[in-house]
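Structure at a glance
Read off the chains here:
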Amino acid sequence: SSSPCSKSKTSTTHAPACVSACVTRARLPAAARCFVPHRAMSAAVTTREVDVSGVVDLDLLQGELDAARGQVEMWCAQRELSMKQQVAAHKTNMMDSEESYVRLVEKEKDLALSGEELARRKEHERGALESLREEAVSAKELGEGLPQQLLALREQVRNEEHELTKRDESLQSEAAVEQRTLDAHVTAVEAYKQRLGLRFEINPADESLRFYFAKVDPTNHAREFMVAVRVQPQGGYELVDADPDIEVFTALLEQANVSDNLSLFVRQTRLEFRKLVAAEEVAAAQRRAEAQLLEMPPLPPTEMEPAPKELRVLGEDMVPL
């Protein structure tokens, strides 16, 4: 353990001398190695007076030492790199652990908040459950008298359905009557228009009802005569316009207001228009006759006829039997 070779493992300053001594000892014959005392070798190393140039190749030894040093340095570098890698991996693991710790802390906070929220929800659901239980009890109490109420409601619904059916039938009958009345009125209006030339029109300017009469003049069926009346606020009708205007229309409308019969006024109005047209026809015929008389030549003179004899009374000359 105290040989020069053991010192070469711990110190690089005396490595060449120790290695030389070891190599020299290794190259000596076995008998010589046995007789070389350890103190003598120590003295040789200490005094460095031993000449081993002929025994040891220093260049080869130096090369071996350099190779060994290179291997040692490579091993040290590998160890250092491995340690750095381990340190870096340890730092990475530490950072990952810190991040995991932070995540775990945040998750713990979230879980705590979730737990509080779940606790509040549980309390709320417990209150809702109690309310539902109370409502269920109330519903159960109400359900005891429900069959009687249901029977009463069913009877009420049947009565209402019966009333609605009756009202529906009544409305349908009324609608049918109104439709028939409307159809009759439309048919009458069309008949008046086609046969008598009578049509109705509402004037929005003065809110009057106008009656137009055609087919009155035999010489011109398209000629129209018009009379317009309007409803008074106090009731009845008033004359608004007439074409041609005839004085008797006012008296006829007063009679219609007294009898509340507007159709009679319309018929009498048409009759007055017919009378007017007839008077116009008579006047035109008279004018034509006068014109013809003026155009005729004078008549020749004629002899006077004798006066007729007086007639005897029947039976005047008869002799009784």
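The text that follows walks through the structure, step by step, so that each part is easy to find. (Residues numbered from 1 in each chain as written. Predicted model: local features only at pLDDT ≥ 70, side-chain atom pairs only at ≥ 80, totals over all residues. Heavy atoms only, no water.)

Pairing between strand β3 (residues 225-231) and strand β4 (residues 237-243): six bridges, direction antiparallel. Along β4, the bridge assignment pairs Val229 with Leu239. Hairpin remark: β3 followed by β4, antiparallel, with five residues in the connecting loop; positive phi at Gly235, about 110 degrees. (Pairing = 2+ DSSP bridges. Helix = DSSP H or I, 4+ residues; strand = E, 2+ residues; numbered from the N terminus.)

Turning our attention to the packing of aromatic side chains. Taken as a whole and judged by the stated rule, the model has four aromatic pairs. Both rings, one in Phe213 and one in Phe273, keep their centres 5.6 Å apart while their planes meet at 55 degrees; by these two values the pair is tilted. Highlighted residues: Phe213 in strand β2 (residues 208-213) and Phe273 in helix α8 (residues 262-295), separated in sequence by 60 residues. The burial state of Phe213 is the same as that of Phe273; both residues are buried. (Phe/Tyr/Trp six-rings, centres within 6.5 Å; stacked < 30°, edge-to-face > 60°. Buried < 20%, exposed > 50% of the residue type's maximum accessible area, 1.4 Å probe, protein only.)

Because each turn of an α-helix spans 3.6 residues, side chains separated by three or four positions end up pointing in the same direction. Given a rise of 1.5 Å per residue, 87 residues ought to cover 129 Å, and the 122 Å separating the end C-alpha atoms of helix α5 (residues 58-144) matches this to within 8%. Near the N-terminus of α5, the side chain that reaches the backbone nitrogen of Asp59, with its oxygen 3.4 Å away, is that of Asp57. (Expected span 1.5 Å × (residues − 1). Polar contact = N/O pair within 3.5 Å; in protein donor to acceptor, adjacent residues only side chain to side chain.)

The subject of this paragraph is α8. Its 34 residues place the ends of α8 49 Å apart at the C-alpha level, agreeing with the 50 Å of an ideal helix rising 1.5 Å per residue. Taken as a whole, α8 has its buried residues at Leu262, Phe265, Val266, Gln268, Thr269, Arg270, Glu272, Phe273 and Val277.

A cluster of nonpolar side chains, namely Val189, Tyr192, Leu196 and Phe200, defines an oily patch on the protein surface of about 310 Å² accessible area. With respect to the helices and strands, Phe200 occurs in strand β1 (residues 198-203). (Patch = residues over 30% accessible without salt bridge, like charges linked within 9 Å, V, L, I, M, F, W, Y side chains within 5 Å. Areas by Shrake-Rupley, 256 points an atom, 1.4 Å probe, with all protein chains shown as cover. Salt bridge = Lys/Arg side-chain N within 4 Å of Asp/Glu carboxyl O.)

With that out of the way, let us pick up the pattern of salt bridges. In total, this model carries twelve salt bridges according to the counting rule given. Ionic pairing is found between Arg126 and Glu123, a salt bridge with its closest N-O pair at 3.7 Å. Of this pair, Arg126 and Glu123 are both found in helix α5, three residues apart, which corresponds to roughly one turn of the helix. For Glu238, the salt bridge is made with Arg230, and the minimal N-O distance between the two is 3.0 Å. Owing to a relative accessible area of 26%, Glu238 belongs among the partly exposed residues under this scheme. One continuous salt-bridge network, built from bridges that share partners, spans Arg199, Glu201 and Glu224.

Note on sheets: strands pair through backbone hydrogen bonds, and any given pair is parallel or antiparallel. A sheet is described by the order of its strands in space; here four strands give the open sequence β1-β2-β3-β4, paired in antiparallel fashion. Sheet topology places β1 and β4 at the edges, where each strand pairs with a single neighbour. For this sheet, the mean inter-axis angle between neighbouring strands, taken without regard to orientation, is 20 degrees. (Axes fitted to C-alpha atoms, helices over the stretch in contact; angles between N-to-C directions.)

Across the interface, helix α7 (residues 248-259) lies against α8 with an axial gap of 10 Å and an inter-helix angle of 160 degrees. What the angle tells us is that α7 and α8 run roughly antiparallel. Considering how the two elements wind past one another, α7 and α8 form a crossing that is right-handed. Residues Val248, Phe249, Leu252, Leu253, Gln255 and Ala256 of α7 touch α8, and the partners they reach there are Phe265, Gln268, Thr269, Glu272 and Phe273. Counted by class, the contact of α7 with α8 contains seven nonpolar, three polar and one charged residues. (Parallel < 35°, antiparallel > 145°, perpendicular 65-115°, else oblique. Left-handed = near helix turned anticlockwise from the far one by under 90°. Contact = heavy atoms within 4.5 Å. Nonpolar A, V, L, I, M, F, W, Y, C, P; charged D, E, K, R; others polar.)

A few words on the nonpolar core. One recurring pattern in soluble globular proteins is that nonpolar side chains are buried together. Counting 18 residues, the largest nonpolar core has Phe211, Phe213, Val227, Phe249, Phe265 and Phe273 as its most contacted members. Those elements that provide at least two residues to this core are β2, β3, α7 and α8. By residue number, the principal contributor to this core is α8, which donates five residues. Apart from the residues within four sequence positions on either side, Phe249 is in contact with Val227, Leu239, Ala242, Pro244, Phe265, Thr269, Glu272 and Phe273. (Core = buried A, V, L, I, M, F, W, Y, C linked by side-chain atoms within 4.5 Å.)

Any functional reading would require information that these geometric values do not contain.
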